[in-house]
Amino acid sequence: MEHLVIIGNGIAGITTAKNVRKQSDMKITVISSETKYFYSRTALMYIYMGHMRFEDTKPYEDWFWEKNKIDLIYAHVDKIDTDNNSLSLNNGEKISYNKLVVATGSHSNKFGWPGQDLPGVQGLFSKQDLDLLEENTKNIKHAVIVGGGLIGIELAEMLHSRNIHVTFLIREELYWNNILPNEDSELICKEILTHGFDLILNSNLKEILAGENGRVCAVRTDNGNEIECEFVGLTPGVHPNIDVVKDSKIETGMGILVNDYLETNIPNVYSAGDCVEIKATKENERNRFEQLWYTGRMHGEVLANTICGKRTKYERGIWFNSAKFLDIEYQTYGFVSNVRRDGEKTFLWQDKDMKRALRVVFNEKDYSVVGVNVFGIRLKHKVFEDWIKTKKTVNYVINNLIVANFDPEFFKNFETQILNEFENQFPELINSNIEKALA
Amino acid sequence: MEPLSIDNLKIYNPNKKLETIKKIGLTILGFGVLMLLVSLTGVSSTAPILFLILSFGFSILGALTYCVPQYKEAPPGIKNNKIFFNSFTSKGTIAWITGIIITGFYVLLYWFPNLLENWIRLLDPISHNLRGIKADQWFLYGTFYTLAVLVMGLKIIIKYRHNRYQIIRTLSVMFFQFGFAYLIPAILHKLNQPEYYFSYFWPLKYQYLFPDTIKGLFNSGGIGYFMVFWGAIMTFIATPILTYFFGKRWYCSWVCGCGGLAETAGDPFRHLSDKSLKAWKIERWMIHSVLIFIVVTTALLWINSAMKGAMLGDVSLTFSKVYGFLIGSVFSGIVGVGFYPIMGNRVWCRFGCPMAATLGIIQRFKSRFRITTNGSQCISCGNCSTYCEMGIDVRSYAQRGENIVRASCVGCGICSAVCPRGVLKLENGKPEGRFNLVK
């Protein structure tokens, strides 16, 4: 019987396993040295904050795996031998495979700062990181978080829930400003300040200082500030975890190099999730890294088809993502650049207390919607995906916004306010004029 | 760009002041409870009004002082921090003590009401005013119950002040408990009319369609006829129609007193429900068995009545006693409420309530109600499943993008509220496409 071995039991590896099982009876083994059972990485923060227990983060009960004949091995893969189709595990076991999927996820970035490996300094990616965080933050009062991204703000919220004062050190002018346009970043900055974090913008970490006990005691920034602290969270993003393939014949760059079918250079060896580097197919493109929960899941779905004999190209479709910044939910559909791109215009609505905002980016020639950022209002994924795919005009989208609303019943509607603001900003685009303009 | 300033923002910081307020609240509550205990000795008869204020008044004031400011001080948003660390809300020692105290109260109430005599006397002034007679143990129970719904309801409204569905729904259960289950029965008493709860129907209030009850009501003239009419209409006409349009929630989380207590006083324990597949299986067997039992018994009683007692004799009274003891007292009272801190707040509603069973069957097979999911935005974090008081594994549907159509869902809307990615929405819509099963 064919044997599929998957290294890594995160969302990419597990989605592959589950979808292969739906189509095939082949033997499936998933190996992980992080946890025995699949858990939801996105919920790590809720464990620390006391919203959930670890067992609540497991999307499937433990009997699920045996019932679906997916074998789980809790061990670390030391070596991949692609010539003999075999793996060596740290428990001495050797496993042979017919097909192999490497889905090993990410490591937290560290940029060679002095003191980055001191006790009390860490990133947050794995269950082990969470356990370490428990240890590192016992009875502390003040923490510094370096890196204004999605993990950074989650870590800040986590520490804050334990009454630890947080200083947030951000390289950009505003929070997540390398992704979000200014006004959107500002809205999140206000939310951060409302929650009582210190926010230090435009500052780079220079070094991390140790105290007499050898643990972190302060950080120094590039503009000379020294901030005392008992913990440093390093959250300037992640990079592919390719440790396991380093000594193998599997080709790597920053990540594990794959084509659009998620195939590596070695036949029958595939890779999916955070650890891949998808090779560019066109001249002016760059290799892609996709390090989201959603892309991991999509990789797994597509790869399962290929493994089961229906070779399928990975096309990620209309981009989408979501996050929650403290109490503000965020969704994005299509493409919204942090700085205005040529040929595009932006409509922006914000409510007066800066808890909600809608940004619609559209093509200035045919007015078709390119992307949307929304804060504090829930929008329907399918509707926006369809609108962007079928190139609906900004006018159409704003006038039909209610169709896309996904807020709970009885919630206040902002559609009229948004429409008024749109007519205010773009009088030339109101209903009767747009056909003329297009003609 | 202007630098962000924190001067004009209201900063939230969980601070010492809040801890002090909580301690003051606990002290007042402790004093109130102490006075309640003191009242049990009978001293209160010397100054009933004073002791009423000292015991009941201070308990309410203490509870509100303890829980309202902690939510009010914090920015609006989900407040589940430390739920699983707190002894009270995570089956710790305090939870067990609370469970034992509530259970003990039920035991005294049902079987040793004479031990509660001095509490009952404490309520004489209120009972005289409302009902024109002195208080009894059931008036004491009703008062405790209604106070719990009102006081904790107020807490829920502040806790979820960002969520209008929760606010309106909580006001609804408070209204029905205070008006329909407390004031109206009391006023009926004063007017010398039969006691009747207009918010409880067969099969939950099984007696309301028993031949003896109906005969008794007919004997009390006009209003009795109306009560019989109301009971029959609500059970046979209103229930299916309302459930068709709005789902089970119109009753279980908007009107019902059991649901009202679960959603208010029981809210701190909603995450304790068992989410396993096994629990779901047990649930279906138990709840439908109770329903069948009630239906068969009611039918037999009517046949017996038509045969002028030839078949069963005077069995109705015996039945009432046995069912009343096993299901009414032990199950719905002791297990249903006494075990809140151990088994969650909806044990009775989920495993025992025949009304919930009826509504559930209608909701599952013939209703416009469903919880829809938002495309691919689910991150499988599991907040929805964790906080589902009915033990539904909401995540298992959400991560597949499948609508949730389940007999047991009471439509409390908390899954949608705690979802950090805007994935869940309670909706009434066209029956077509209600089941969007994903393979």
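Residues numbered from 1 in each chain as written. Chains lettered and ligands numbered in written order. Predicted model: local features only at pLDDT ≥ 70, side-chain atom pairs only at ≥ 80, totals over all residues.

**Here we look at the overall build of chain B**
Part 1: What chain B contains, in helices and strands, is 19 helices and two strands.
Part 2: A compact globule built from 439 residues would reach a C-alpha radius of gyration of about 22 Å, and chain B, at 23 Å, matches this within 12%.
Part 3: Over its C-alpha atoms, taken along the principal directions, chain B stretches across nearly 85 × 65 × 35 Å.
Part 4: Looking at chain B as a whole, 44% of its 439 residues are labelled buried. (Helix = DSSP H or I, 4+ residues; strand = E, 2+ residues; numbered from the N terminus. Rg over C-alpha atoms; globule rule 2.2 N^0.38 Å. Buried ≥ 20, exposed ≤ 12 C-beta atoms within 10 Å, placed from the backbone.)

**Looking at the pairing of strand S11 (residues 165-169) of chain A**
Residue and element names in this part refer to chain A.
Part 1: With five bridges connecting them, strand S10 (residues 142-146) and S11 associate as parallel partners. Each residue of the ladder has a partner; that of isoleucine 145, found in S11, is phenylalanine 168.
Part 2: As a crossover connection, the stretch from S10 through helix H5 (residues 150-161) into S11 is right-handed.
Part 3: Relative to strand S12 (residues 198-200), S11 runs parallel, the two being bridged by three bridges. Across the sheet, the residue bridging to phenylalanine 168 is leucine 199, located in S12.
Part 4: In this view, the connection linking S11 to its parallel neighbour S12 by way of helix H6 (residues 182-194) has right-handed handedness. (Pairing = 2+ DSSP bridges. Right-handed = clockwise from strand over helix to strand, strands pointing away.)

**Regarding the environment of leucine 26 of chain B**
All names here are of chain B.
Part 1: Looking at where leucine 26 falls in the secondary structure, it is placed in helix H1 (residues 16-40).
Part 2: A residue is classified by how many C-beta atoms lie within 10 Å of it, and leucine 26, with 14 of them, is partly exposed.
Part 3: Here leucine 26 is in contact with Gly62 and Tyr66, once residues within four sequence places are set aside. (Contact = placed C-beta atoms within 7 Å.)

**Observations regarding the interface of chain A and chain B**
Part 1: Contact with chain A, which involves 39 residues of that partner, is made by 43 residues of chain B.
Part 2: If you list the elements that add at least two residues to the side of chain A that touches chain B, you get H6, helix H7 (293-307), strand S21 (320-325), strand S22 (328-334) and helix H8 (381-389) of chain A.
Part 3: The element contributing the most residues to the side of chain A that touches chain B is H6 of chain A, with five residues.
Part 4: Grouping the constituent residues of the side of chain A that touches chain B by class yields 13 nonpolar, 14 polar and twelve charged. (Nonpolar A, V, L, I, M, F, W, Y, C, P; charged D, E, K, R; others polar.)

**Brief notes about the domain arrangement of chain A**
Residue and element names in this part refer to chain A.
Part 1: As far as domains go, chain A holds domain 1 (3-107 + 239-307), domain 2 (121-236) and domain 3 (320-438).
Part 2: Contacts between the two partners involve nine residues from domain 1, matched on the other side by eleven residues from domain 2.
Part 3: If one sorts the elements of the side of domain 1 that touches domain 2 by residue count, helix H2 (residues 44-48) sits on top with four residues.
Part 4: Considering only residue class, the side of domain 1 that touches domain 2 consists of five nonpolar, three polar and one charged. (Domains from an automatic or database assignment.)

**Observations concerning unusual backbone geometry**
Part 1: Of note, the bond from tryptophan 202 of chain B into proline 203 of chain B is cis; its omega dihedral lies within 30 degrees of zero at 10 degrees.
Part 2: Tracing the backbone shows proline 203 of chain B in the loop between helix H7 (164-190) and helix H8 (211-219).
Part 3: We note that asparagine 85 of chain A has phi near 50 degrees; this positive angle belongs to a residue other than glycine.
Part 4: For asparagine 85 of chain A, the position within the fold is in the loop between strand S4 (77-81) and strand S5 (86-89).
Part 5: The exposure class assigned to asparagine 85 of chain A is partly exposed, which follows from the 18 C-beta atoms found within 10 Å.
Part 6: One non-glycine residue, lysine 391 of chain A, lies in positive phi territory at about 55 degrees.
Part 7: Its place among the elements puts lysine 391 of chain A in the loop between H8 and helix H9 (394-399).

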